[in-house]
Amino acid sequence: MASNSTKSFLADAGYGEQELDANSALMELDKGLRSGKLGEQCEAVVRFPRLFQKYPFPILINSAFLKLADVFRVGMLGSLASIIPERKNAHHSIRQSLDSHDNVEVEAAVFAAANFSAQSKDFAVGICNKISEMIQGLATPVDLKLKLIPILQHMHHDAILASSARQLLQQLVTSYPSTKMVIVSLHTFTLLAASSLVDTPKQIQLLLQYLKNDPRKAVKRLAIQDLKLLANKTPHTWSRENIQALCECALQTPYDSLKLGMLSVLSTLSGTIAIKHYFSIASGNVGSSPRSSDLVRLAQECCYHNNRGIAAHGVRVLTNITVSCQEKDLLALEQDAVFGLESLLVLCSQDDSPGAQATLKIALNCMVKLAKGRPHLSQSVVETLLTQLHSAQDTARILMCHCLAAIAMQLPVLGDGMLGDLMELYKVIGRSATDKQQELLVSLATVIFVASQKALSAEVKAVIKQQLESVSNGWTVYRIARQASRMGNHDMARELYQSLLTQVASEHFYFWLNSLKEFSQAEQCLTGLQEENYSSALSCIAESLKFYHKGIASLTAASTPLNPLSFQCEFVKLRIDLLQAFSQLICTCNSLKTSPPPAIATTIAMTLGSDLQRCGRISNQMKQSMEEFRSLASRYGDLYQASFDADSATLRNVELQQQSCLLISHAIEALILDPESASFQEYGSTGTTHADSEYERRMMSVYNHVLEEVESLNRKYTPVSYMHTACLCNAIISLLKVPLSFQRYFFQKLQSTSIKLALSPSPRNPAEPIAVQNNQQLALKVEGVVQHGSKPGLFRKIQSVCLNVSSTLQSKSGQDYKIPIDNMTNEMEQRVEPHNDYFSTQFLLNFAILGTHNITVESSVKDANGIVWKTGPRTTIFVKSLEDPYSQQIRLQQQQAQQPLQQQQQRNAYSRF
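Residues numbered from 1 in each chain as written. Predicted model: local features only at pLDDT ≥ 70, side-chain atom pairs only at ≥ 80, totals over all residues. Heavy atoms only, no water.

### A short note on the overall build of the protein
Helix and strand counts for the protein stand at 39 helices and nine strands. Expressed as a percentage of its 913 residues, the buried residues of the protein come to 49%. Contacts in the protein between residues far apart in sequence, at least 24 positions, make up 71% of those at least 6 positions apart. For the protein, the exposed surface amounts to about 44,400 Å²; the carbon and sulfur share of it is 52%. (Helix = DSSP H or I, 4+ residues; strand = E, 2+ residues; numbered from the N terminus. Buried < 20%, exposed > 50% of the residue type's maximum accessible area, 1.4 Å probe, protein only. Contact = heavy atoms within 4.5 Å. Areas by Shrake-Rupley, 256 points an atom, 1.4 Å probe, with all protein chains shown as cover.)

### Details of the side chain of Asp-647
Relative to the elements of secondary structure, Asp-647 occurs in the loop between helix H33 (618-642) and helix H34 (648-673). We note that Asp-647 is buried and unpaired, the nearest opposite charge coming from Arg-744 at a distance of 5.1 Å. The residues touching Asp-647, leaving out its near neighbours within four places in the chain, are Arg-744, Tyr-745 and Phe-795. (Lys, Arg positive; Asp, Glu negative; His and termini not counted. Salt bridge = Lys/Arg side-chain N within 4 Å of Asp/Glu carboxyl O.)

### Overview of the nonpolar core
Core analysis: the biggest nonpolar cluster contains 275 residues, and Trp-238 and Tyr-426 have the highest contact counts within it. Sorting elements by how many residues they give to this core places helix H31 (residues 566-594) first, with 14 residues. Beyond its immediate stretch of four places on either side in the chain, Trp-238 contacts Ile-204, Leu-227, Leu-230, Ala-231, Ile-243, Leu-246, Val-265, Leu-269, Ala-274 and His-277. (Core = buried A, V, L, I, M, F, W, Y, C linked by side-chain atoms within 4.5 Å.)

### Digging into the pattern of salt bridges
In this structure the tally under the stated criterion is 30 salt bridges. With a closest N to O distance of 2.6 Å, Lys-465 and Glu-495 form a salt bridge. Taken as a pair, Lys-465 in helix H26 (residues 458-471) and Glu-495 in helix H28 (residues 490-500) lie far apart in primary sequence, 30 residues in all. On the basis of relative accessibility, which here comes to 21%, the residue Glu-495 falls in the partly exposed class. Each of Lys-461, Lys-465, Asp-491, Arg-494 and Glu-495 takes part in a single network of salt bridges with overlapping partners.

### What about the sheet that holds strand E3 (residues 777-788)?
Strand order across the open sheet formed by three strands is E1-E3-E6, with antiparallel pairing between neighbours. The outermost strands of the open sheet, each flanked by one partner alone, are strand E1 (753-760) and strand E6 (838-846). Neighbouring strand axes in the sheet, compared pairwise and without regard to direction, differ in orientation by 25° on average. Two strands pair when backbone bridges link them, and E1 and E3 are joined in this way by eight bridges, in the antiparallel orientation. Among the inter-strand pairings, Thr-753 is bridged to a residue of E3, identified as His-788. (Pairing = 2+ DSSP bridges. Axes fitted to C-alpha atoms, helices over the stretch in contact; angles between N-to-C directions.)

### Considerations on unusual backbone geometry
Each neighbour pair has its own omega, and for Ser-760 with Pro-761 the value is 0°, a cis peptide bond. Structurally, Pro-761 can be placed in the loop between E1 and strand E2 (770-773). Backbone torsion omega between Gly-872 and Pro-873 reads 0°, so that peptide bond is classified as cis. Among the structural elements, Pro-873 can be located in the loop between strand E8 (868-869) and strand E9 (874-882). Even without being a glycine, Asp-837 presents a positive backbone phi close to 65°. Taking the relative accessible area as the measure of exposure, Asp-837 reaches 32% and is therefore partly exposed.

### Focus: the packing of helix H16 (residues 256-270) against helix H19 (residues 308-324)
Packing of H16 against H19 brings their axes to within 9 Å, and their N-to-C directions diverge by 25°. Classified by the angle between their axes, H16 and H19 sit roughly parallel to one another. The hand of the H16/H19 crossing is left-handed. The segment H16 lies against H19, with Asp-256, Lys-259, Leu-260, Leu-263, Ser-264, Leu-266, Ser-267 and Ser-270 engaging Gly-309, Ile-310, His-313, Arg-316, Val-317 and Asn-320. (Parallel < 35°, antiparallel > 145°, perpendicular 65-115°, else oblique. Left-handed = near helix turned anticlockwise from the far one by under 90°.)

### Topic: helix H2 (residues 22-33)
Over its twelve residues, H2 extends 17 Å from the first C-alpha to the last, a length consistent with the 16 Å expected when each residue adds 1.5 Å. Taken together, the buried positions of H2 are Ala-22, Ala-25, Leu-26, Glu-28, Leu-29, Asp-30, Gly-32 and Leu-33. (Expected span 1.5 Å × (residues − 1).)

Structure, rendered in structure tokens:
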């Protein structure tokens with residue numbers, strides 16, 4: 001019988017087949033909490049998270065937390081601190097519980113006090129003296145003092161509060177020299193300094209003092225840990241003396257574990273502004289030479305240490321010094337860095353252990369940084385990697401391939417040199433179908449694509465396909481094809497996608513792969529473009545458009561309600577429209593030959609006062625083309641704003657497409673439509689930005705070349721001549737000859753962010769309108785929840801949500817009245833900051849005009865950099881504005897009063913007749 005009641009309780013709570021509304025489910029869970037059986041209570045508690053996921057709204061969550069707090073008492077109250085930080089009765093309950101004689105209640109009160117101090121300034125100010133008295137009181141047990149001291153880290157809300165907490169901690173460190181008390185007090189001291197940003201240099205000095213003078217290893221380890229925290233958070237507060245003192249401690253200590261910790265701190269500092277402070281020449285003092293400093297001596301000693309971690313940090317310090325110091329005579333230091341990296345690479349590439357792989361990652365990152373900062377060292381770095389690649393373990397090979405790809409992306413000239421070694425290695429790997437072998441196939445293929453730069457040779461394609469046919473699985477082939485699409489090797493990608501079409505079991509996957517194959521074929525058609533051959537260009541673009549239209553049909557078929565592929569569809573549609581605009585512009589340029597201006601064009605231009613009319617019909621066509629390219633640029637901008645979850649490379653790709661449209665639009669204006677007022681200054685700095693990929697580098701090169709040509713023609717010749725139209729056609733061909741890169745977001749979504757909105761009042765049936773009287777305002781409450789995927793905030797985080805509410809009149813009812821314009825429309829906007837991914841706000845809307853109104857609520861977000869993203873969603877409800885009863889009564893009375901008068905006037909008219 002008991003089991004039946006439990007089963008029915010769980011089913012009624014919404015976790016079986018029966019579904020209830022939020023309130024009913026909460027009441028059923030409340031019954032479980034109040035059950036006399038511990039098992040039912042525990043089961044009810046663990047089912048609350050699912051209820052929150054299903055109904056993520058504050059009213060229900062607050063009610064549920066209060067019911068849970070009834071079970072867990074003060075401890076649960078502490079978990080509610082972020083929701084009710086300023087609730088005075090909660091503050092009072094915590095203060096009272098701190099004086100309790102029940103140890104469990106006191107511990108819960110300490111936990112709650114820490115959480116509320118972090119959230120509420122008023123609570124922190126009010127509780128600070130209480131905590132101080134308890135810590136200093138003789139009656140307080142030492143264990144309780146150790147739990148109370150960490151509360152002081154949250155006393156950072158103002159300078160006075162932070163200063164008083166710091167004085168107390170200083171007193172504790174001096175008065176209680178026991179190891180536990182010193183460790184807790186020092187760590188709290190550090191956290192307070194890091195949060196308040198006050199007296200951070202003093203805290204660094206204090207930690208260095210304990211590191212140098214305190215003989216206890218535990219205290220030294222704590223000091224190193226806190227120094228690492230301050231090095232990460234506030235590197236600019238480290239003085240040259242601080243770094244020098246840390247170097248001296250590291251040189252003197254006989255313990256490898258402590259030396260490793262100190263080098264970790266120095267390694268972190270060496271990659272920040274602190275390293276420049278260390279080697280800078282202050283006024284009146286002679287600066288330290290990089291070759292003779294203790295920091296360099298320490299790094300050189302540690303480069304070949306038998307402890308891998310120490311050697312890795314030593315090499316990292318040397319690399320950062322070599323890259324950041326501007327002195328030219330650093331040959332010895334550069335050689336030390338290269339030799340240290342080579343020895344570390346040889347040591348770690350033969351070991352599959354996690355520690356060795358972590359050390360190898362540090363060494364490879366240093367290699368990439370050294371190749372970028374000191375390009376003349378890149379050749380030796382690449383040769384070392386290629387040599388070691390043959391004998392390394394598979395795990396290390398994968399990491400080394402990533403390093404080679406990163407170096408080749410930065411320095412494309414090295415690609416040809418490494419291609420031969422890579423192909424030899426590709427022939428001999430992949431003897432088994434293990435996961436590591438499959439990963440290595442993908443990594444090595446990626447390096448080959450990067451190193452090839454342009455089209456793959458037939459030999460390279462044959463080797464890759466032969467290896468894939470022998471040992472690879474379908475997923476590996478897809479990943480390699482995806483990399484080929486990203487690197488612009490569309491011919492290879494097309495063949496790989498074609499081979500996968502018959503290996504998928506889902507209809508949607510088939511259409512997805514088929515669309516990728518068609519897009520690759522479409523881009524491959526554009527590789528045959530040649531300058532000055534405009535008829536061939538038109539046929540290539542037409543052939544490409546044919547495959548693109550096939551691909552967009554397959555892509556639409558591949559989309560599902562759960563995966564609508566909205567970015568992919570919009571990106572491809574824009575590419576189609578861009579190709580059509582290019583084709584139309586080439587036809588317009590050709591029309592100057594097929595349909596030149598009439599003989600009277602000059603007379604017409606003088607009559608109309610428009611010099612452009614002497615060019616004939618081409619002037620109007622060019623104007624339409626310019627507007628089309630500006631419209632495309634605007635659409636690319638909208639796609640950029642809608643891609644909040646995209647990685648930076650994808651966003652840069654979209655930005656490059658937008659710049660291509662703006663470039664052609666500017667060229668049309670500068671060459672033909674308005675050459676006199678054309679300005680080249682805003683486009684002149686295009687080439688100065690750093691290019692992160694070969695595709696971007698080539699596009700920037702095309703931009704600069706086109707701008708130079710346009711500016712040269714703009715100064716020499718008046719429009720419109722064949723040279724002007726040839727310049728435009730050549731610009732289009734140059735842009736299309738750069739193979740399009742399909743970036744990661746086209747294939748893979750690493751970050752997922754969505755907003756769920758709830759409007760109240762809301763109708764039961766979405767098609768039914770909400771009734772409101774025209775003399776009243778509707779209070780529209782908008783609540784929302786920000787939902788994340790598995791990696792929230794990977795690329796950017798939401799700082800605030802912008803809610804835009806607008807209303808439009810759908811249909812009128814009744815007579816028209818003269819109403820002020822302000823009362824006819826509603827257009828409001830509010831920004832709210834999400835609190836624990838929840839936000840809410842209210843709007844007062846006026847519906848003075850009788851009839852049905854359409855209310856649209858649209859959300860967008862603002863990230864930490866202040867950039868606004870149009871993420872959506874867009875929600876619509878209907879409101880029916882009704883005449884209020886009092887106005888309706890008066891109107892009826894007036895109508896009734898007017899009826900006798902009208903009848904009398906009518907009888908008088910009849911009598912006169």
